[in-house]
Amino acid sequence: HIFEVMIYVDNSADYDQPWKCIDNIKVIQEIVKKSGMRCTITAEPTIETHNKEIKDAVRRPPAKASDCVPRHPVVTIMGHVDHGKTTLLDSLRHTRVVDGEFGGITQHIGAFEVCLDNGEMITFLDTPGHAAFTAMRSRGAHVTDIVVLVVAADDGVMEQTRESIRLANEAKVPIIVAINKVDKREADIARTKNMLMAQGLVLEEAGGDVQTVAVSALKGTGLQELIETINTQATLLDLKADPKGLVEATVIESRTDPFRGKLSTAIIQRGTLRKGSIVVAGTAWAKVRSMFDDQGKPIQQAPPSTPVEIVGWKDLPSAGDEIFEVETERRAHEVISFRQSLKSKEKLDDDLVVIQQKVEEHLKDYKVKLGEKQRMGRMRYKIRGIRPRATKEISAGPKLSIIIKGDVDGSVEALLDVLDSYQSEKCTLDLIHYGVGPITESDIKLAEPFNAIVYAFNTGVAQPNVRQLAKSHKVQIKDYNIIYRLFDDLRSEMEKLLPPTE
Ligand code: GDP
């Protein structure tokens with residue numbers, strides 16, 4: 001039978017936790033499906049509508065072009081280990097300090113800004129290597145505008161160089177190559193360029209748009225040219241952002257300071273962050289108590305492309321988390337509790353998988369047990385020596401009694417199955433005993449009073465004297481190793497018992 005099951009769900013009671021009933025339905029559905037019934041689930045559509053409302057509330061539609069103003073580029077430095085990423089970042093930071101503009105001790109907040117002579121700025125992410133880049137990308141964050149690929153001129157293109165090119169290409173971020181360590185005697189700029197071209201980078205001198213700059217991060221040579229190249233590339237990219245309205249930003253780094261508590265560095269991407277702003281990131285939120293620039297100096301506002309250290313987090317957000325400003329604290333709580341519940345929904349999904357597995361295990365177990373039970377049933381017949389199901393009594397007609405022995409379980413089973421389907425209107429077939437193994441003395445002794453034939457399928461006698469015993473007791477032993485031959489014989493034995501037809 002196929003049952004049609006209809007489950008109606010009223011999720012109005014779970015308005016704030018709609019997945020609850022969905023998951024209950026899924027579990028029911030799964031169990032019903034396993035039982036072979038058909039199942040239709042009908043639920044109110046409020047669940048989806050409700051999710052959508054909350055999710056969309058924090059993400060605004062893209063800014064209008066007319067509201068956007070130019071912003072400076074955000075640069076990530078990538079490349080093979082030991083090719084000089086850290087040294088380059090240090091030197092770039094140093095450039096700024098030498099400029100005398102800030103003069104303070106630089107502190108590491110995950111990003112810093114370099115000011116050019118013409119007043120233009122560049123923000124560098126201070127975490128070299130593609131681990132940080134991939135961490136950001138895996139969260140869908142698009143913070144980097146330009147990748148500076150550091151390649152040591154003595155080493156050339158190496159494994160992580162290739163990896164960095166791949167990542168930048170995937171993210172569709174333009175590359176500028178800094179050919180580093182040109183102060184070294186082993187440096188071979190031409191060879192390095194050839195290796196880069198072999199990786200598919202079309203360099204400027206070959207008519208492409210990938211610029212290369214020869215630098216020595218250690219000696220500080222070529223850095224000015226590198227900065228100018230970045231600036232030119234940024235001009236080409238025509239980077240813009242809307243400095244007004246609610247803030248959107250990305251977390252670059254998070255840490256706990258013994259004096260100032262939970263801190264995170266963010267790059268602002270939209271809007272202007274101010275003291276007192278309320279922001280959410282993942283399931284963390286903050287009322288911005290104070291903000292600091294990369295010099296550790298307090299600032300009052302942070303426009304797009306600015307790296308800023310935010311103080312005031314209740315929990316630490318993770319690197320790569322998107323920051324959204326919300327209007328009120330109440331709204332922050334609402335968004336966070338929704339996100340937390342989404343997390344528990346993910347957990348519920350995992351639980352559901354476990355439940356499904358359990359249902360499957362249970363069914364498997366049940367089948368095994370059922371099989372065992374059936375075998376046990378046959379075992380019982382075996383012990384009694386009588387298997388009633390093959391005995392089809394026909395009151396008037398003659399009766400052929402048999403015993404079947406086979407070499408293995410499987411062959412005996414097969415013989416019994418054929419016997420079960422074996423029907424004769426005129427003659428009763430009486431299986432008085434069956435089993436696995438050779439024919440024994442007790443088989444013969446059992447056969448004698450019934451006048452039964454003993455069929456041996458692929459199995460002989462236990463001892464030679466069993467055949468003698470059978471002879472002396474006038475019990476027939478018939479040996480076969482092909483099933484249909486055995487049944488041919490069985491049929492002819494039955495026919496022998498029938499009265500001759502005209
Ligand atoms: P990273 O692993 O890419 O961050 O590489 P590091 O910045 O730690 O540099 C690795 C080694 O190369 C260090 O010993 C640096 O002093 C050295 N190095 C970096 N840049 C230069 C350079 O321009 N010239 C020379 N001669 N050595 C450099």
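Here is what the cut-offs are and how they apply
Residues numbered from 1 in each chain as written. Predicted model: local features only at pLDDT ≥ 70, side-chain atom pairs only at ≥ 80, totals over all residues. Heavy atoms only, no water. UniProt positions renumbered as here; feature names shortened; annotations may be inferred. Helix = DSSP H or I, 4+ residues; strand = E, 2+ residues; numbered from the N terminus. Buried < 20%, exposed > 50% of the residue type's maximum accessible area, 1.4 Å probe, protein only. Phe/Tyr/Trp six-rings, centres within 6.5 Å; stacked < 30°, edge-to-face > 60°. Lys NZ or Arg CZ within 6 Å of the ring centre and 35° of its normal. Near = heavy atom within 4 Å. Polar contact = N/O pair within 3.5 Å; in protein donor to acceptor, adjacent residues only side chain to side chain. Areas by Shrake-Rupley, 256 points an atom, 1.4 Å probe, with all protein chains shown as cover. Nonpolar A, V, L, I, M, F, W, Y, C, P; charged D, E, K, R; others polar.

An unreviewed UniProt entry lists the chain under the name Translation initiation factor IF-2, mitochondrial, from Daphnia pulex. The Subcellular location (unreviewed entry) field of the UniProt record for the chain holds the comment "Mitochondrion".

Undergrad: Which residues make up unusual backbone geometry, and what are the values?
TA: The backbone of N451 shows a phi angle near 60 degrees, a positive value even though the residue is not glycine. The residue N451 is located in the loop between α10 (441-450) and β22 (453-457) in this model. The phi torsion at N458 lies on the positive side, around 60 degrees, for a residue other than glycine. By the element assignment, N458 lies in the loop between β22 and α11 (464-472). What makes N458 partly exposed here is its relative accessible area of 41%.

Undergrad: Residue-level account of the packing of aromatic side chains, with values.
TA: Taken as a whole, this structure holds two aromatic pairs when the rule is applied. Look at Y455 and Y480: their rings are 6.3 Å apart centre to centre, the planes differ by 35 degrees, and that puts the pair in the tilted class. Within this pair, whereas Y455 is found in strand β22, its partner Y480 is found in strand β23 (residues 477-480), the two being separated by 25 residues in sequence. Of the two residues, Y455 and Y480, both sit in the buried class. When the ring centre of F292 is taken as origin, the NZ or CZ atom of R260, which lies over that ring, is 4.6 Å away.

Undergrad: Please set out the site of the ligand residue by residue, giving values where relevant.
TA: Taken together, the neighbourhood of the ligand is formed by 15 residues, with D82, K85, T86, T87 and D183 sitting nearest. At 3.0 Å from an oxygen atom of the ligand is found a main-chain nitrogen or oxygen belonging to A217. Within the backbone of L218, a nitrogen or oxygen atom sits 3.2 Å from an oxygen atom of the ligand. Protein burial of the ligand: of its 570 Å² of free accessible surface, 74% is covered by the chains. In terms of residue count, helix α3 (residues 85-98) provides more of the shell around the ligand than any other element does, three residues in total. When the residues that make up the shell around the ligand are grouped by side-chain class, the tally is three nonpolar, seven polar and five charged.

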